[in-house]
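# Reading the structure
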Amino acid sequence: MTAACRTSRIGERGSFLLVYRRVVVHWRAIILLLILALATFLIAHTDFFGLSLFALLLIFIASQFFWIGRILDLGERLIPGKPCRAWLAIMASLVYLFVFLYSYPEWGLGHTIRAADYRPQSMLIYAAFWWWFVGSLLAFLLLIAFGAVDRAVRAAGWVYGKARAAILHHSAAADAEAALLSPSRRRFLERTAVLVSATPFVAVGYGLLYERRNVEVVRQRVRLARLPKAFEGFHIAQLSDIHIGPFTTADYIRHCVAITNGLEPDLIALTGDYISWDPEAQGEVVRVLAGLRAPHGVFGCMGNHEADVGIEESITGLFAAQGIHMLRQERAPIRLGDETINLIGIDHGSDLAPMHTREVEGDRRLQQLKALVMPNTVNILLIHYPHIFGYLELGIDLTLSGDIHGGGQLSLDFIHRGLNLSSLMGVPYIRGLYENGGAQLYMNRGIGTTGFPIRLGARPEITVFELTRET
Ligand SMILES: [Fe+2]
């Protein structure tokens, strides 16, 4: 070991588990990045999705400063001969460089973000990258929270001690401070910090290997006051966000198709995002979805991914050849006896288009939607994301949507509704049923994944609605 290496170890022996000291090593960069991230989040809440992603990236970079330090510490401890910290740093940098070069120069298919390569080695790289990305980010945030709580406890203890000392005139303050800084308390904190930081990595592994494919069938009763009598008990199954790709395989989608058919719905609604990034995959996803069966037909609308990749026309044609009707600024009357409900489908458009283009397009879609609504009839709208929910005067009774993947595929909604990635980014409608002055919206969590192939707290979902007039 070189003298420099030896020097770098002085004072660190036995301190590997001390979270605070490790944060302090890079505290200026980490604090700066976190402040930038916080500022970006605040700006993003004025409805700027791209900035939210940028804020996440900043937090990720801050977390990597922290974790690289931990990996170097661990490497020095575990590798016999204790190689120089500088060599370990070079090796860690090479891993980051590899991931970057693996994606570069084509920021398109094959890229870790836009995974569309089915070769096992690529899938392994995608899975490892995303496990590390999500796990290290969550663990970092948890450690910061843990550190903040510890600081708060210490501060409270100090204040309590001082107050006691002032009242009782003895050395309670010193006693309390000594207790807070005692070796046993530090050891306890160190072990807890390790446990806290390990939990997200284990949880994300679970989300990657199991929860991502653990489909839940959700049965949702929907009361529609003006539902025609003939439609009492009518069942609509909804599948959303299929995202065929390396991690959402044709076999898995076939499994979802079999579950859906087993529910024996009267009608099936598909609410967009059939592919992720690969236009070549459209033929296969259509072939699999062609297995869906319902007496009143299978209908759908376009998601943003069809528009992003430019396959709206072609996939609509492929679906039509299989008897599946994509409703693109169209309506389809569903008849039962002499009675009718009106099914409408509207395109989402591309999320990659400039903001101004999207606004103009949105206004045009709204006008088209108004023309498709049938008065004095139950109108059900299929739209990938419900930008229009809240326009009560439109006369849409029920809107079926998806897009958000149950909160960006990462959610702690079981603790508190709204504690999920998408809500943090300012998205108003996330999952489940919403009601607004008589109009209802259902946000389906989808069955596939995009971006990271992980679902945590946001299981894939097949929904079956039972329409009723009864309360
Ligand atoms: Fe999606």
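Refer to the structure above for everything that follows.
Treat the numbers as computed from the prediction; the structure is a model and nothing was measured.

How each quantity is defined
- Residues numbered from 1 in each chain as written.
- Predicted model: local features only at pLDDT ≥ 70, side-chain atom pairs only at ≥ 80, totals over all residues.
- Heavy atoms only, no water.
- Helix = DSSP H or I, 4+ residues; strand = E, 2+ residues; numbered from the N terminus.
- Buried < 20%, exposed > 50% of the residue type's maximum accessible area, 1.4 Å probe, protein only.
- Contact = heavy atoms within 4.5 Å.
- Areas by Shrake-Rupley, 256 points an atom, 1.4 Å probe, with all protein chains shown as cover.
- Donors = N, O, S within 2.8 Å, 3.2 Å for Na, K, Ca; no water.
- Tetrahedral: all angles 85-135°; square planar, octahedral: opposite > 155°, others 65-115°.
- Pairing = 2+ DSSP bridges.
- Axes fitted to C-alpha atoms, helices over the stretch in contact; angles between N-to-C directions.
- Phe/Tyr/Trp six-rings, centres within 6.5 Å; stacked < 30°, edge-to-face > 60°.
- Lys NZ or Arg CZ within 6 Å of the ring centre and 35° of its normal.
- Patch = residues over 30% accessible without salt bridge, like charges linked within 9 Å, V, L, I, M, F, W, Y side chains within 5 Å.
- Salt bridge = Lys/Arg side-chain N within 4 Å of Asp/Glu carboxyl O.

For the protein, the helix and strand inventory stands at 15 helices and 12 strands. In the protein, which comprises 471 residues, the share counted as buried stands at 51%. A sequence separation of at least 24 residues applies to 73% of the contacts in the protein between residues at least 6 apart. Accessible surface computed for the protein: about 22,600 Å², of which carbon and sulfur atoms make up 65%.

Distances from the iron ion to its protein donors, Asp241 (OD), His243 (NE2), Asp273 (OD) and His405 (NE2), fall at 2.0 to 2.3 Å. Each of the four donor atoms around the iron ion contributes to a set of angles spanning 87 to 177°, which defines the coordination as irregular. In primary-sequence terms, the residues that donate to the iron ion follow D-x1-H-x29-D-x131-H. In terms of burial, aspartate 241 and histidine 243 fall into one category: buried.

The next thing to look at is the sheet that holds strand β3 (residues 267–270). Strands sit in the order β1-β12-β2-β3-β4-β5 across an open sheet of six strands; the sheet is mixed. Since the sheet does not close on itself, it has two edges, and those belong to β1 (216–223) and β5 (325–326), each with one partner. Packing against the sheet, helix α9 (residues 250–262) makes contact with β1, β2 (235–239), β3 and β12 (461–468), and its axis sits at approximately 20° to β12.

Looking now at the sheet that holds strand β11 (residues 439–443). The six strands are arranged β6-β7-β8-β9-β11-β10 in an open sheet whose pairing can be described as mixed. The sheet is open, and its two borders are formed by β6 (330–336) and β10 (432–436), each paired with just one other strand. Each neighbouring strand pair of the sheet contributes to a mean axis angle of 20°, computed without reference to strand direction. Across the sheet, helix α13 (residues 355–372) touches β6, β7 (339–346) and β8 (379–383), and the angle it forms with β7 is around 170°.

We now examine the pairing of β6. Along any regular strand the residues' side chains alternate between the sheet's two faces. Pairing geometry for β6 and β7, over seven bridges, is antiparallel. Following the sheet pairing, arginine 335 is matched in β7 by threonine 340.

Further remarks concern the packing of aromatic side chains. Tallied over the entire structure, the rule returns 17 aromatic pairs. Ring geometry for phenylalanine 60 against phenylalanine 133: centres 4.2 Å apart, planes inclined by 20°, an arrangement best described as stacked. One end of the pair, phenylalanine 60, is in helix α4 (residues 49–78); the other, phenylalanine 133, is in helix α6 (residues 120–168), with 73 residues separating them in the sequence. The two residues phenylalanine 60 and phenylalanine 133 agree in class, both being buried. One cation-aromatic arrangement involves arginine 70 over phenylalanine 66; the distance from NZ or CZ to the ring centre is 4.9 Å.

Taken together, Trp87, Ile90, Leu94, Leu97, Phe100 and Leu101 make up a surface patch of nonpolar side chains, about 620 Å² in accessible area. One can find leucine 97 in helix α5 (residues 85–103). Overall, the relative accessible area of 43% leaves leucine 97 in the partly exposed class.

Within β12, seven of the eight residues are buried, which leaves the element mostly enclosed by the surrounding structure. Looking at chain direction, β1 and β12 are connected through eight bridges and run parallel. Directly across from arginine 221, in β12, lies its bridge partner glutamate 466. As paired strands, β2 and β12 are joined by four bridges and run antiparallel to one another. Looking at the pairing, isoleucine 236 lines up with phenylalanine 465 of β12.

Quick look at the pattern of salt bridges now. Per the counting criterion, the structure on display carries 13 salt bridges. In the salt-bridge network here, residues are joined through shared partners; they are Glu312, Glu313, Arg328, Asp347, Glu361, Arg364 and Arg365.

This part takes up unusual backbone geometry. At glutamate 264, a position not held by glycine, the phi torsion is positive, near 50°. On the secondary structure map, glutamate 264 appears in the loop between α9 and β3. Looking at glutamate 264, the relative accessible area reads 66%, which means it is exposed. Phi at histidine 405 is positive, roughly 55°, even though this residue is not glycine. You can see histidine 405 is positioned in helix α14 (residues 405–408).

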